[in-house]
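Chain by chain, the residues:
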Amino acid sequence: MNNVIFQTGGDWDSTTLSKNGSDWPAEKLQLSLQAGRDMDGEPVRGGITAGGDISAEVYPQESPGNAVGIFPGRLQIVFPGHDLIIENTHPGFAFEATTVLYNGRDITDSIVEAMVDIDAEQNQVQAYITIYKPHWLGADEVATISFI
């Protein structure tokens, strides 16, 4: 099982990527998680249990054209003020076995989207999550939290 940790203090000099406890020099890290949407693509209650898909790849420096999948395994992404953990240890990588934690809080049942695109070569970084917030009284809301 892979245990991948991306950590940054907000600049490239403070950024590290490790796999199973060892440094893992890479050109890119990409994560895409889509969940909790209805047939029209609108966010709905349920998160992972509502279905979806996930992919996460690293493009190592030693072979930048070849993506290496992270799952099944655990991916932790740490930005200042943000700690996202996505884990799927199911041997067949069943989507419904995915769990998502944000800053220590389980958001598995409310995640709608997680996107991380870190490209060291192009000096580009994008990272955010979108969660569904149901309300008993009043309209439900969808909130996007940008990491950078």
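Here we summarise the structure given alongside this text. Everything numeric in this text was worked out from a predicted model, so none of it was measured. Numbering of residues begins from 1 in every chain and follows the order in which that chain's sequence is written. In view of the model being predicted, local features appear only for residues whose pLDDT reaches at least 70, and side-chain atom pairs are presented and counted only at 80 or more, with totals across whole chains, interfaces and linings using the full set of residues. For side-chain calculations, the full set of non-hydrogen atoms in the structure is used, while hydrogens and water are omitted.

Considering the sheet that holds strand β12 (residues 124–133)
Each strand in a sheet pairs with another by means of backbone hydrogen bonds, the pair being arranged parallel or else antiparallel.
Phase 1 of the analysis: A pair of strands counts as paired when DSSP detects no fewer than two bridges linking them. Only runs of H or I of at least four residues qualify as helices and only runs of E of at least two qualify as strands under DSSP, and these elements are numbered from the N terminus. Pairing within the open sheet is antiparallel, and its six strands lie in the order β6-β5-β4-β11-β12-β13. In this open sheet, the two edge strands, each paired with only one partner strand, are β6 (68–69) and β13 (141–146).
Phase 2 of the analysis: With eight bridges joining them, strand β11 (residues 111–119) and β12 adopt antiparallel strand pairing. The residue bridging M115 from the neighbouring strand is Y128, located in β12.

Here's the deal with the environment of D53
Phase 1 of the analysis: Mapping D53 onto the fold places it in strand β5 (residues 52–60).
Phase 2 of the analysis: Three exposure classes are used, based on accessible area relative to the maximum for each residue type with a 1.4 Å probe and protein chains only: buried under 20%, partly exposed in between, and exposed over 50%. Note on D53: relative accessible area 48%, which makes it partly exposed.
Phase 3 of the analysis: Linking D53 and K28, residues 25 residues apart in sequence, is a C-alpha distance of 20 Å.
Phase 4 of the analysis: In contact with D53, other than residues within four places in its own chain, are S32, L33, Q34 and F95. Residues are treated as being in contact if the distance between any of their heavy atoms lies within 4.5 Å.

Some thoughts on the sheet that holds strand β1 (residues 2–7)
Phase 1 of the analysis: The seven strands lie next to each other as β3-β2-β1-β7-β8-β9-β10, forming an open sheet whose pairing is mixed. Only two strands of the sheet have a single partner each, and these edge strands are β3 (22–23) and β10 (105–106).
Phase 2 of the analysis: Examined bridge by bridge, strand β9 (residues 99–102) and β10 share two bridges and lie antiparallel to one another. Residue pairing for β10: L101 is matched across the bridge by D106.

Some thoughts on the pattern of salt bridges
For side chains of opposite charge, pairing can occur when their charged atoms come near one another.
Phase 1 of the analysis: Salt bridge criterion: a side-chain nitrogen from Lys or Arg within 4 Å of a carboxyl oxygen from Asp or Glu. Tallied over the entire structure, the rule returns two salt bridges.
Phase 2 of the analysis: Note that R37 is salt-bridged to E113, the shortest N-O span being 3.6 Å. Taken as a pair, R37 in the loop between β4 (26–35) and β5 and E113 in strand β11 lie far apart in primary sequence, 76 residues in all.
Phase 3 of the analysis: Taking relative accessible area as the criterion, R37 reaches 29% and is therefore assigned partly exposed.
Phase 4 of the analysis: Among the ionic pairs, E87 bridges to R74, the shortest N-O distance being 3.7 Å. Here the residue E87 occupies a position in strand β8 (residues 82–88), and R74 occupies one in strand β7 (residues 73–79), the gap between them amounting to 13 residues.

Brief notes about the pairing of β9
Successive side chains on a regular strand alternate, one facing one side of the sheet and the next facing the other.
Phase 1 of the analysis: Covered by surrounding structure in β9 are V100 and Y102 only, the residues T99 and L101 on the alternate face being uncovered.
Phase 2 of the analysis: Where β8 lies against β9, four bridges are found, and the strand directions are antiparallel. The residue of β9 that forms the bridge with I85 is L101.
Phase 3 of the analysis: The hairpin formed by β9 and β10 contains two residues between the paired strands, and N103 there has a positive phi angle of roughly 50 degrees.

Overview of the nonpolar core
Phase 1 of the analysis: L31, L33, L84, I86, I111 and I129 are the most contacted members of the largest nonpolar core, which has 33 residues in total.
Phase 2 of the analysis: When contributions to this core are tallied by element, the ones reaching two or more residues are β1, β4, β5, β7, β8, β9, β11 and β12.
Phase 3 of the analysis: Residue contributions to this core peak at five residues, all from β4.
Phase 4 of the analysis: Sequence-distant contacts of L31, that is, excluding residues within four places in its chain, are made with I54, S55, A56, L75, I77, L84, I86, A114, M115 and V116. Nonpolar cores were defined as sets of buried Ala, Val, Leu, Ile, Met, Phe, Trp, Tyr and Cys residues, with membership established by side-chain atoms within 4.5 Å.

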